[in-house]
2 protein chains.
Amino acid sequence: MDIIPPDWKGSEKIGIVIYDHMTALDVIGPHYFLSKLLGADIQFVSHNLDPVQCGNGLAILPTATFETCPRDLDILLVGGGSSGTLAAMRDDRLIAFLADRGSRAKWVTSVCTGSLLLGHAGLLRGYRATSHWIGRPLLKEFGATEVDERVVFDRNRVTGAGVSAGLDFALALVMRLRPLAAAQAAQLFAEYAPNPPLHSGTPDEAPAEVLGIAREMLSDFVSGVQETARQGRK
Amino acid sequence: MDIIPPDWKGSEKIGIVIYDHMTALDVIGPHYFLSKLLGADIQFVSHNLDPVQCGNGLAILPTATFETCPRDLDILLVGGGSSGTLAAMRDDRLIAFLADRGSRAKWVTSVCTGSLLLGHAGLLRGYRATSHWIGRPLLKEFGATEVDERVVFDRNRVTGAGVSAGLDFALALVMRLRPLAAAQAAQLFAEYAPNPPLHSGTPDEAPAEVLGIAREMLSDFVSGVQETARQGRK
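No experiment lies behind these values; they were computed from the predicted model shown.

Q: Can you explain the nonpolar core? Please cite residues and give values.
A: By size, the foremost hydrophobic cluster in this structure holds 174 residues, and its most contacted members are A:Ile28, A:Phe33, A:Leu98, B:Ile28, B:Phe33 and B:Leu98. Beyond its immediate stretch of four places on either side in the chain, B:Phe33 contacts B:Leu167, B:Ala170, B:Leu171, B:Val174, B:Ala186, B:Gln187, B:Ala190 and B:Tyr192.

Q: Residues and numbers for the interface of chain B and chain A, please.
A: Residue-level contacts link 69 residues of chain B with 69 residues of chain A. For the pair chain B and chain A, the summed buried area comes to about 5,900 Å², and 71% of that belongs to carbon and sulfur atoms. If you sort the residues of chain B by the area they bury against chain A, B:Leu188, B:Phe189 and B:Glu191 come out on top, with a joint share of 14%. Across the salt bridge formed by A:Arg136 and B:Glu191, the nearest N and O atoms sit 2.2 Å from each other. Run the count over chain B and chain A and you get 32 residue pairs in polar contact (both at pLDDT 80 or more). Of all the secondary structure elements, the ones that give two or more residues to the side of chain B that touches chain A are helix H1 (25-34), strand S2 (41-46), strand S4 (58-60), helix H5 (165-177), helix H6 (180-189) and helix H7 (208-217) of chain B. Sorting elements by how many residues they give to the side of chain B that touches chain A places H6(B) first, with eight residues. Across the side of chain B that touches chain A, the residue classes tally to 44 nonpolar, 19 polar and six charged.

Q: Go over the environment of B:His31, please, and point to the residues and values.
A: Looking at the secondary structure, you find B:His31 in helix H1. Expressed as a C-alpha distance, the spacing of B:His31 and B:Gly166, which sit 135 residues apart in the sequence, is 9.0 Å. Once you skip the residues sitting within four places of it in the chain, B:His31 turns out to touch A:Gly55, A:Asn56, A:Leu58, B:Ile16, B:Ile42 and B:Phe44.

Q: Summarise the packing of helix H1 (residues 25-34) of chain A against H1(B); cite the residues concerned and give the values.
A: Geometrically, a packed helix pair is captured by the angle between its two axes and the distance between the axes. Where H1(A) meets H1(B), the axes come as close as 10 Å, and the angle between the chain directions of the two elements is 155°. Taken together, the axes of H1(A) and H1(B) lie roughly antiparallel to each other. Taken as a pair, H1(A) and H1(B) cross one another with a handedness that is left-handed. Touching A:Leu25, A:Ile28, A:Gly29 and A:Tyr32 of H1(A) are B:Leu25, B:Ile28, B:Gly29 and B:Tyr32, all from H1(B). Taken together, the residues of the contact of H1(A) with H1(B) sort by class into six nonpolar, two polar and no charged.

Thresholds applied
- Residues numbered from 1 in each chain as written.
- Chains lettered and ligands numbered in written order.
- Predicted model: local features only at pLDDT ≥ 70, side-chain atom pairs only at ≥ 80, totals over all residues.
- Heavy atoms only, no water.
- Core = buried A, V, L, I, M, F, W, Y, C linked by side-chain atoms within 4.5 Å.
- Buried < 20%, exposed > 50% of the residue type's maximum accessible area, 1.4 Å probe, protein only.
- Contact = heavy atoms within 4.5 Å.
- Buried area = accessible area lost by both parts, 1.4 Å probe.
- Salt bridge = Lys/Arg side-chain N within 4 Å of Asp/Glu carboxyl O.
- Polar contact = N/O pair within 3.5 Å; in protein donor to acceptor, adjacent residues only side chain to side chain.
- Helix = DSSP H or I, 4+ residues; strand = E, 2+ residues; numbered from the N terminus.
- Nonpolar A, V, L, I, M, F, W, Y, C, P; charged D, E, K, R; others polar.
- Axes fitted to C-alpha atoms, helices over the stretch in contact; angles between N-to-C directions.
- Parallel < 35°, antiparallel > 145°, perpendicular 65-115°, else oblique.
- Left-handed = near helix turned anticlockwise from the far one by under 90°.

Printed below as a string of structure tokens:
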């Protein structure tokens, strides 16, 4: 007798776009919960099959290229970062891939500043969306409406806030795609009952001095995104 | 003028042990926060430099082998899993590596069932420790005292609970190694203000039926760990 209820199983095709100097956790957090969509097929997609360098020693191997990735995806997911994401915005083939697969995917999704890539691919025009706190005010550059929430569903667009929000995002998506008990089991396996030892996870909670340093460290990213978005509209 | 305060920088050597069919998030969550230990060097360590297959399409490239990894580490970290972790317990070279580097590392750490690997390497005898909820009652097999907490510090042993606890674990470690403001900045960059859409992350919170299915899915793992631990004591 199989332990697992039959309706916990499905057959989604999931494509996770990865690129150099991205924030790996943006997609590895979601990958954990999406792996609990039993029966789903998950591909890590990039230009080619060379390792994607995420910095600080971490390299992930793609399993598919922009050419070999299934044409019709159930879930298209892209994560963010800072300098790597800015480079990805300026990567015409990557943006064209997002625009193409995003035009047909059942769910078009992002975590962190990945929403700026969806935006640059024209996929968030007229949609409510979120992003990393540094990226949220930039969403309007792409015709999206900024929402100050951790996970935002608008029709088939699902966007998560910064980095760690990928866990909340992906668990919320599992809840849409499987019976409640399957999502509860996924959360239990992850022991996802977070208890941060500090309370500095949002611009409101962080000390002003810390927020100031963080903003300064990200200022080139912000101006780079604005410039690239404006060039894209010309 | 450099934006970043000089005392946010250090020079730790960090070794993260990876192995096939482990739960990648156990170490990729921590990797995010440990990357905020500016100046630290992080190595992903395995038998050889072949990709480590974590399942569901995810493969991570090691940067060092058990031979080339620095002999004296500031932080030794190992993550967990289920069948992969059981295989790792039975992998004499991996366990010998943990025992060797763990005998000198400044911090000997784990997330999830990684603590069972530390235990099998003899590194938790007489220590208080935690693990994934399924692994916590197994810690006594290795002479450790089970603590039902998300992150447990006992002298230089630091253990985290299941999977997602790696974020709380690593942020707590950053707090020990850097000024408070640096840890606050790390949390802000991660936008780590979690807000799970469900409340089923612990055995107490999950519905009894869901917990029952999860326990049944992990029953071979539990008996395998017990058997391997007992053989190790012969």
